[in-house]
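Below, each chain spelled out in residue letters.
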Amino acid sequence: MTGFLTRRRFLVGGTLGAGVLALGGCDALEQNEDVDAVLRSAEKLTMEAQRLLLGQGTLAREFSPADISPTFRVNGTQSPDSEEYAALHENGFANWRLKVDGLVNRPMEFSLADLRKLPSRTQITRHDCVEGWSAIGQWTGTPLGLILQAAEMKTEARFVVFHCADELEKTLDGSGVYYESIDLVDAFHPQTILAYAMNGEDLTVGHGAPLRLRVERQLGYKHAKYVMHIEIVDSFSGLWGGRGGFWEDRGYQWYAGI
Ligand SMILES: Nc1nc2c(c(=O)[nH]1)N[C@H]1C(S)=C(S)[C@@H](COP(=O)(O)O)O[C@H]1N2
Ligand SMILES: [Mo]
């Protein structure tokens, strides 16, 4: 039953996106062509999401507000320590831009305000860390599929890579930049969102401000925090250790299904 309601909510969200588009001349939307392009493709995404749901679309379990954990641990990086990130944080991420490029016909850029104008999805899910702890939280953000649809991926596209602002330990080839990747099935899954809010508030630095991935059918380390740049690729062999993620390069599974 929960699953049914969840699907409805997502599909209603998509319809709403097309509705917003019909308003056309709204001032707030004229600022960024990339925002307009996302809205134009929202209806098509709804159709594709529906097909996905009728096919193999298993949803991660969703919970009620009463289930939200009173404390949600901050894990891995607590705060990226680069000067660039500090400067972005200092003025409330007003100068932060999410870049979307790689194997796309339309490279795009979004401010946080741009993302907030797009149709959003809110979900209460359980986060499971490979280290053995779990916590339930509510996440709100932009469906990743909306962004990818508008960027028009090329036919060679196979993976979505998330480049993050932080570095952890630098053990391999001198770099410890955090990054992650998922395939297109997970990328277009209705619960895969770029979250800018947690439990109804702006994402904190600890939890990945200003934007973090939620990919609910996989373990915690796939949920990249501090996402700065999304790159569409046909292979991740050329990136860092070549296994598709910071922890994957250090021996963890690339597909971390729960
Ligand atoms: N950029 C970045 N993303 C990251 C991490 C990190 O250290 N850096 N840690 C991962 C791990 S192992 C987990 S369990 C979750 C923790 O998210 P939280 O701090 O919001 O609990 O973020 C994941 N994403
Ligand atoms: Mo984790």
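Residues numbered from 1 in each chain as written. Chains lettered and ligands numbered in written order. Predicted model: local features only at pLDDT ≥ 70, side-chain atom pairs only at ≥ 80, totals over all residues. Heavy atoms only, no water.

- The name that an unreviewed UniProt entry assigns to the protein chain is DMSO/TMAO reductase YedYZ molybdopterin-dependent catalytic subunit, with the source organism given as Aurantimonas endophytica.

Looking at the packing of aromatic side chains
So, point 1. A complete count under the given rule lists eleven aromatic pairs for this structure.
So, point 2. Centre to centre, the rings of Phe236 and Trp254 are 5.7 Å apart; their planes meet at 40°, and the pair counts as tilted. Highlighted residues: Phe236 in the segment after strand E10 (227-233) and Trp254 in the segment after E10, separated in sequence by 18 residues.
So, point 3. Phe236 gets classed as buried once you look at its relative accessible area, which sits at 13%.
So, point 4. Judged by relative accessible area, Trp254 falls into the partly exposed class, the value being 23%.
So, point 5. Between Trp247 and Tyr252, the aromatic rings sit 5.1 Å apart at their centres with planes inclined by 25°, giving stacked as the arrangement.
So, point 6. By relative accessible area, which is 30% here, Tyr252 ends up partly exposed.
So, point 7. The ring of Phe246 carries Arg250 above its face, with NZ or CZ at 3.7 Å from the centroid. (Phe/Tyr/Trp six-rings, centres within 6.5 Å; stacked < 30°, edge-to-face > 60°. Helix = DSSP H or I, 4+ residues; strand = E, 2+ residues; numbered from the N terminus. Buried < 20%, exposed > 50% of the residue type's maximum accessible area, 1.4 Å probe, protein only. Lys NZ or Arg CZ within 6 Å of the ring centre and 35° of its normal.)

Quick notes on helix H7 (residues 144-151)
So, point 1. Buried residues dominate H7, accounting for eight of its eight residues.
So, point 2. Of all the positions in H7, only Leu144, Gly145, Leu146, Ile147, Leu148, Gln149, Ala150 and Ala151 are classed as buried.
So, point 3. Directly after H7, the chain includes Glu152, whose backbone phi takes a positive value near 55°.

Description of the pairing of strand E7 (residues 193-198)
So, point 1. Summarising burial for E7: six of the six residues are buried, a large majority.
So, point 2. Of the strand pairs in this sheet, strand E4 (residues 134-143) and E7 are connected by five bridges, and their pairing is antiparallel. Its bridge partner lying in E7, Thr140 is registered against Ala197.
So, point 3. Both E7 and strand E9 (residues 212-214) contribute to a ladder of three bridges, which runs antiparallel. When the sheet's bridge partners are listed, Ile193 is paired in E9 with Arg214.
So, point 4. Sheet topology places E7 next to strand E8 (residues 201-202); two bridges connect them, and they run antiparallel. Counted as the bridge partner of Met198 is Glu201 from E8. (Pairing = 2+ DSSP bridges.)

What to know about the pattern of salt bridges
Note on pairing: side chains with opposite charge can pair once their charged atoms come close.
So, point 1. By the definition in use, this model includes ten salt bridges.
So, point 2. Note that Glu62 and Arg121 form a salt bridge whose closest N and O atoms lie 3.1 Å from each other. Separated by 59 residues along the polypeptide, Glu62 in the loop between helix H4 (42-54) and helix H5 (83-90) and Arg121 in strand E3 (residues 121-128) bring together distant segments of the chain. Taken as a pair, Glu62 and Arg121 share a single burial class, namely buried.
So, point 3. Among the ionic pairs, Asp114 bridges to Lys117, the shortest N-O distance being 3.8 Å. Note that Asp114 and Lys117 are positioned in helix H6 (residues 112-117) at a spacing of three residues, about one turn of the helix.
So, point 4. By relative accessible area, Lys117 is classed as partly exposed at 27%.
So, point 5. Residues joined by salt bridges that share partners form a network here, namely Glu180, Lys222 and Glu248. (Salt bridge = Lys/Arg side-chain N within 4 Å of Asp/Glu carboxyl O.)

Brief notes about the side chain of Glu248
So, point 1. On the secondary structure map, Glu248 appears in the segment after E10.
So, point 2. Accessibility expressed as a relative area gives 1% for Glu248, which makes it buried.
So, point 3. Here Lys222 takes part through its side chain, which lies 2.9 Å from a polar atom of the side chain of Glu248.
So, point 4. Not counting residues up to four positions away in its chain, the partners in contact with Glu248 are Glu180, Tyr221, Lys222, Arg243, Gln253 and Trp254. (Polar contact = N/O pair within 3.5 Å; in protein donor to acceptor, adjacent residues only side chain to side chain. Contact = heavy atoms within 4.5 Å.)

Let's talk about the pairing of E4
So, point 1. The buried fraction of E4 is high, at nine of ten residues.
So, point 2. Sheet analysis places E3 next to E4, joined by eight bridges and oriented antiparallel. Considered in E4, the bridge of Gln123 is made with Trp139.
So, point 3. Hairpin geometry of E3 and E4 is characterised by an intervening segment of five residues between the two adjacent antiparallel strands and by a positive phi of about 105° at Gly132.

Side note on the site of ligand 1
So, point 1. Surrounding ligand 1, one finds 22 residues, the nearest of these being Arg73, Asn75, Asp166, His207 and Lys225.
So, point 2. Residue Arg73 places a main-chain N or O atom 2.6 Å away from an oxygen atom belonging to ligand 1.
So, point 3. A distance of 2.7 Å is found between an oxygen atom of ligand 1 and a side-chain nitrogen or oxygen belonging to His207.
So, point 4. Out of a free accessible area of 530 Å², ligand 1 has 99% covered by protein chains.
So, point 5. Ranked by the residues each element gives to the shell around ligand 1, the list is headed by strand E5 (residues 159-172), at three residues.
So, point 6. Across the shell around ligand 1, the residue classes tally to ten nonpolar, eight polar and four charged. (Near = heavy atom within 4 Å. Areas by Shrake-Rupley, 256 points an atom, 1.4 Å probe, with all protein chains shown as cover. Nonpolar A, V, L, I, M, F, W, Y, C, P; charged D, E, K, R; others polar.)

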